[in-house]
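Chains, contacts and geometry: an overview
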Amino acid sequence: MAALTPPSLRQFDARGRTLSYDGRALVMGILNVTPDSFSDGGRSAALDDALANARRLVAEGADILDIGGESTRPGHTPVPAEEEMARVLPVLEALAGDEAVNVPISIDTQKARVAEAALKRGAHIVNDIWGLMGDPEMAPVAAAHGAGVVAMHNRAVVDGSVDIVADMLAFFEQALERAAKAGIRPDRLSLDPGIGFGKTFEQNLKALASLNEIGRLGFPILLGTSRKSLIGKVIDTTPAQRLPGTIASNVIGIMAGCAMIRVHDVAEHVQAARVTEAIRNAS
């Protein structure tokens, strides 16, 4: 594969915005501007609501805002790029001049066209559920803009016979090769195990139990378990009832060395993260 040396510094660069995760997990707040989000039912679909929720997430301690205009829940209906841009670009344009939202912004999209439009309007990070392995233009777009990248593991087909840890490692090797060929700097890359994407219940648990294996690749890990069905399968709950399970899984992730956690409930996770780190650092 093309040479890509893992970053030696515990920092993540996003278009010149340097985020340090040395001993402190970063909290990425989720802002879904979709009418059909699995977790909040379109709570931020209207522009005024989206802006108010963005300010609230930052006030609660979010280090990054992750804005998405297409639901990717199981069984979702794909959204054309034009519709996705119509949802996210007005929010990005409004946030660009908002002094209350002074954190890096991530665009959650699998389309290079949407990513490029978002980056031109001030986004700093591309969060790609296909880990640069879907849209062939995604890596070149991210490289051209100096964007940070979250490369998530995914599978088109769920297959319970697959060794999911080996599959994730092979997937990330290919994603890192594509990133290197495009010219994405190592300190602008992070990896996401893709909990809830292309995996059985058992494979999701195995992925969570094997975060240290991904960590050996040397890149920061982003963990996204917030309100997901994995929790509801462990104990019967609706998405709105899954905060305790989400916190439990993210505490496990932080103890395993995850650099970032992607969550709906920011204030609760900031507190949980700081307590987890204090205990870990005392050992």
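Here is what the cut-offs are and how they apply
- Residues numbered from 1 in each chain as written.
- Predicted model: local features only at pLDDT ≥ 70, side-chain atom pairs only at ≥ 80, totals over all residues.
- Heavy atoms only, no water.
- Pairing = 2+ DSSP bridges.
- Helix = DSSP H or I, 4+ residues; strand = E, 2+ residues; numbered from the N terminus.
- Contact = heavy atoms within 4.5 Å.
- Axes fitted to C-alpha atoms, helices over the stretch in contact; angles between N-to-C directions.
- Salt bridge = Lys/Arg side-chain N within 4 Å of Asp/Glu carboxyl O.
- Buried < 20%, exposed > 50% of the residue type's maximum accessible area, 1.4 Å probe, protein only.
- Expected span 1.5 Å × (residues − 1).
- Arc of directions from axis to C-beta.
- Left-handed = near helix turned anticlockwise from the far one by under 90°.
- Nonpolar A, V, L, I, M, F, W, Y, C, P; charged D, E, K, R; others polar.

Observations regarding the sheet that holds strand S5 (residues 105-108)
- In space, the 8 strands of this open sheet follow the order S8-S7-S6-S5-S4-S3-S10-S9, with parallel pairing throughout. Because the sheet does not close on itself, it has two edges, and the strands there are strand S8 (189-192) and strand S9 (222-223).
- Sheet topology places strand S6 (residues 125-128) next to strand S7 (residues 148-152); 4 bridges connect them, and they run parallel. Looking at the pairing, Asp128 lines up with Ala151 of S7.
- In the packing of helix H1 (residues 47-59) onto the sheet, contacts are made with strand S3 (26-32) and strand S4 (64-68), and the angle to S3 comes to roughly 170 degrees.

Here's the deal with the pattern of salt bridges
- Under the defined criterion, the tally for this structure stands at 19 salt bridges.
- When the shortest N-O distance is used, the salt bridge between Arg24 and Asp63 registers 2.9 Å. Of this pair, Arg24 sits in the loop between strand S2 (17-20) and S3 while Asp63 sits in the loop between H1 and S4, and the two are 39 residues apart along the sequence.
- Given a relative accessible area of 12%, Asp63 falls into the buried group.
- The closest approach of N and O atoms between Arg155 and Asp167, which form a salt bridge, is 2.9 Å. You can see Arg155 sitting in the loop between S7 and helix H5 (164-182) and its partner Asp167 sitting in helix H5, a full 12 residues away along the chain.
- Owing to a relative accessible area of 19%, Arg155 belongs among the buried residues under this scheme.
- A single network of salt bridges, built from pairs that share partners, joins Asp13, Arg185, Asp187 and Arg188.

Section: H1
- Its 13 residues place the ends of H1 18 Å apart at the C-alpha level, agreeing with the 18 Å of an ideal helix rising 1.5 Å per residue.
- The complete set of buried residues in H1 reads Ala50, Leu51, Asn53, Ala54, Leu57 and Val58. The buried residues of H1 occupy one face: seen down the axis, they fall within an arc of 165 degrees. Exposed residues on H1 whose side chains face more than 90 degrees from its buried face are Asp48 and Ala59.
- Of the surrounding secondary structure, the elements contacted by the buried residues of H1 are S3, S4, helix H2 (81-95) and helix H10 (266-282).
- One or two positions beyond H1, positive phi appears at Gly61, with a value near 115 degrees.

Quick word on the packing of helix H9 (residues 243-255) against H10
- As a packed pair, H9 and H10 sit with axes 10 Å apart at the nearest point and diverge in direction by 35 degrees. Considering how the two elements wind past one another, H9 and H10 form a crossing that is right-handed. Here H9 contributes Leu243, Thr246, Ile247, Asn250, Val251, Ile254 and Met255 to the contact with H10, which in turn contributes Glu268, His269, Ala272, Ala273, Thr276, Glu277 and Arg280.
- Among the residues forming the contact of H9 with H10, the class breakdown is 7 nonpolar, 4 polar and 3 charged.

Some remarks on the environment of Thr77
- Within the secondary structure layout, Thr77 lies in the loop between S4 and H2.
- In this structure Thr77 comes out as exposed when scored by relative accessible area, which is 57%.
- Residues Thr77 and Trp130, 53 residues apart in the sequence, show an inter-C-alpha distance of 16 Å.

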